[in-house]
Amino acid sequence: MKQITLEHVTKTYFIDSESINAVHNVSMEIDKGEFLSITGHSGSGKTTLLSIIGGIVKPSSGTVLFEGNDVSSFDGDRLSEYRCEKIGFIFQFASLFQNLTAKENVLLPVVFRTRRNTLDKDEKRAVELLNLVGLGDKLNAYPSQLSGGQQRRVAIARAFINDPQLILADEPTGDLDEETEAEMMRYFTKMNEEREITFIMVTHNTELARQSKRQLRMPVS
Ligand SMILES: Nc1ncnc2c1ncn2[C@@H]1O[C@H](COP(=O)(O)OP(=O)(O)OP(=O)(O)O)[C@@H](O)[C@H]1O
Ligand SMILES: [Mg+2]
């Protein structure tokens, strides 16, 4: 069975009397352990597609299956379990909680998943991840005390805290310098190869897209 199957996925938004076809009839199958990059013009529906796969936005028509189950049919605990345990999200825009430190931000998905306070082993893992993204010296810094690229790296660390099966990354290296970007890509590739984590990554960087195993270019609607 494929890990993810998209069947004629369409999303139409309505603003006043105008309709916007954000995603138009996308069908594809993605195997566990694939590294798929998505490119396409601004406004071509890349973020919308990731949000549909992640169960954040419901498609107007068509279906998304995760391990054979229809994601739109998930609700309540099943939906939280899907989002929290299976997926690590790296959002396009700043998504850190301003009143939590870097380490607390990384730990937040653990609290959502387990509905308990974090344990020593969770904290150790958060520190390990922050070290991996080069922020071992910023554990207790608040987002306002971090640069844009550093905040982005906290969000990258956070995406891995629950050992996800799938990473949905929306321009994850958008505000990083070339060297840090390459370092993050090496980490993604390593996690992809060693742990068979599936990656779906939106990027404007055609060089990065070329490095991935498979590419999807969003059509202009
Ligand atoms: N919540 C919404 N309500 C109405 N229209 C929306 C909404 N979200 C997105 N859109 C519209 O859907 C289209 C696709 O948006 P989306 O954010 O998916 O594009 P994108 O490919 O991620 O663009 P970018 O590269 O600029 O991030 C755009 O025309 C956008 O204006
Ligand atoms: Mg986008």
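Structure's up top.
Conventions we followed
- Residues numbered from 1 in each chain as written.
- Chains lettered and ligands numbered in written order.
- Predicted model: local features only at pLDDT ≥ 70, side-chain atom pairs only at ≥ 80, totals over all residues.
- Heavy atoms only, no water.
- Donors = N, O, S within 2.8 Å, 3.2 Å for Na, K, Ca; no water.
- Helix = DSSP H or I, 4+ residues; strand = E, 2+ residues; numbered from the N terminus.
- Buried < 20%, exposed > 50% of the residue type's maximum accessible area, 1.4 Å probe, protein only.
- Pairing = 2+ DSSP bridges.
- Axes fitted to C-alpha atoms, helices over the stretch in contact; angles between N-to-C directions.
- Contact = heavy atoms within 4.5 Å.
- Phe/Tyr/Trp six-rings, centres within 6.5 Å; stacked < 30°, edge-to-face > 60°.
- Parallel < 35°, antiparallel > 145°, perpendicular 65-115°, else oblique.
- Left-handed = near helix turned anticlockwise from the far one by under 90°.
- Nonpolar A, V, L, I, M, F, W, Y, C, P; charged D, E, K, R; others polar.
- Near = heavy atom within 4 Å.
- Polar contact = N/O pair within 3.5 Å; in protein donor to acceptor, adjacent residues only side chain to side chain.
- Areas by Shrake-Rupley, 256 points an atom, 1.4 Å probe, with all protein chains shown as cover.
- Salt bridge = Lys/Arg side-chain N within 4 Å of Asp/Glu carboxyl O.

Enquirer: Lay out the coordination of the magnesium ion (ligand 2) with the relevant residues and their values.
Expert: On the protein side, the magnesium ion (ligand 2) has Thr47 (OG1) and Gln92 (OE1) as donor atoms, found 2.0 to 2.3 Å from it. Of this pair, Thr47 sits in helix H1 (residues 46–53) while Gln92 is found in the loop between strand E6 (87–90) and helix H3 (102–114), placing the two residues 45 residues apart along the sequence. Classification of Thr47 by relative accessible area gives partly exposed; the value is 32%.

Enquirer: How would you summarise the sheet that holds strand E3 (residues 35–39) if you had to cite specific residues and measurements?
Expert: Strand order in this open sheet of five strands is E6-E7-E8-E3-E9, and the pairing throughout is parallel. Two strands in the sheet have a free side with no partner beyond their single neighbour: E6 and strand E9 (214–217). The average angle at which neighbouring strand axes cross in this sheet is 15 degrees, direction not considered. Sheet topology note: the strand E7 (residues 166–170)/strand E8 (residues 198–202) ladder contains five bridges and is parallel. Each bridged residue has a counterpart across the sheet, and for Ala169 the counterpart in E8 is Met201. Contacts from H1 reach E3, E6, E7, E8 and E9, with the element oriented near 155 degrees to E7. Strands in contact with helix H5 (residues 148–159) are E6 and E7; relative to E6, the strand with the most contacts, it is inclined by about 175 degrees.

Enquirer: So what about the packing of aromatic side chains? Which residues, and what values?
Expert: Tallying each qualifying case throughout the model produces eight aromatic pairs. Residues Phe35 and Phe199 carry aromatic rings whose centres are separated by 4.9 Å and whose planes lie at 5 degrees to one another, so their mutual orientation is stacked. Taken together, the residues span a long stretch of sequence, with Phe35 in strand E3 and Phe199 in strand E8 at a distance of 164 residues. Its relative accessible area of 1% is what places Phe199 among the buried residues. Both rings, one in Phe160 and one in Tyr187, keep their centres 5.1 Å apart while their planes meet at 65 degrees; by these two values the pair is edge-to-face. Here the residue Phe160 occupies a position in the loop between H5 and E7, and Tyr187 occupies one in helix H6 (residues 178–195), the gap between them amounting to 27 residues.

Enquirer: Please provide a residue-by-residue account of the packing of H3 against helix H4 (residues 120–132), values included.
Expert: Two elements in contact, H3 and H4, have axes separated by 9 Å at closest approach and are oriented at 125 degrees. Judged by the angle between their axes, H3 and H4 are oblique. Between H3 and H4 the crossing geometry is right-handed. Contacts from Ala102, Lys103, Val106, Leu107 and Val110 of H3 reach H4 at Asp122, Glu123, Ala126, Val127 and Leu130. Grouping the constituent residues of the contact of H3 with H4 by class yields seven nonpolar, no polar and three charged.

Enquirer: I'd like to hear about the sheet that holds strand E4 (residues 61–66), residue by residue, with values.
Expert: Reading across from one edge, E2-E1-E4-E5 is the order of the four strands in this open sheet, with antiparallel pairing throughout. Looking at the sheet topology across the chains shown, the edges are occupied by strand E2 (18–30) and strand E5 (69–70). When E4 meets E5, the two strands line up antiparallel, connected through two bridges. Within the sheet, the bridge partner assigned to Leu65 lies in E5 and is Asp70. H1 contacts strand E1 (4–15), E2 and E4 of the sheet and is inclined by roughly 120 degrees relative to E1.

Enquirer: Tell me about the site of ligand 1, and name the residues and values.
Expert: Not every one of the 15 residues close to ligand 1 is listed here, only the nearest: Ser42, Gly43, Lys46, Thr47 and Thr48. In this structure, an oxygen atom belonging to ligand 1 sits 2.6 Å away from a side-chain N or O atom of Ser42. Contact with the protein chains hides 65% of the accessible area of ligand 1, taken as 640 Å² for the molecule alone. Those elements that provide at least two residues to the shell around ligand 1 are E1, E2 and H1. Top contributing element to the shell around ligand 1 by residue count: H1, with three residues. Of the residues in the shell around ligand 1, the class split is four nonpolar, nine polar and two charged.

Enquirer: Requested: an account of the pattern of salt bridges, with residues and values cited.
Expert: Applying the stated criterion across every chain yields a total of eleven salt bridges. In this structure, Arg116 and Asp122 form a salt bridge, with 3.0 Å as the shortest nitrogen-oxygen distance. On the accessibility criterion, Arg116 (29% relative accessible area) is partly exposed. Here Arg210 makes a salt bridge to Glu207, at a shortest N to O gap of 3.0 Å. With a gap of three residues between them, Arg210 and Glu207 both fall in helix H7 (residues 206–211), about one helical turn apart. With a relative accessible area of 41%, Glu207 lands in the partly exposed category. Each of Arg125, Glu128, Asp163 and Arg195 takes part in a single network of salt bridges with overlapping partners.

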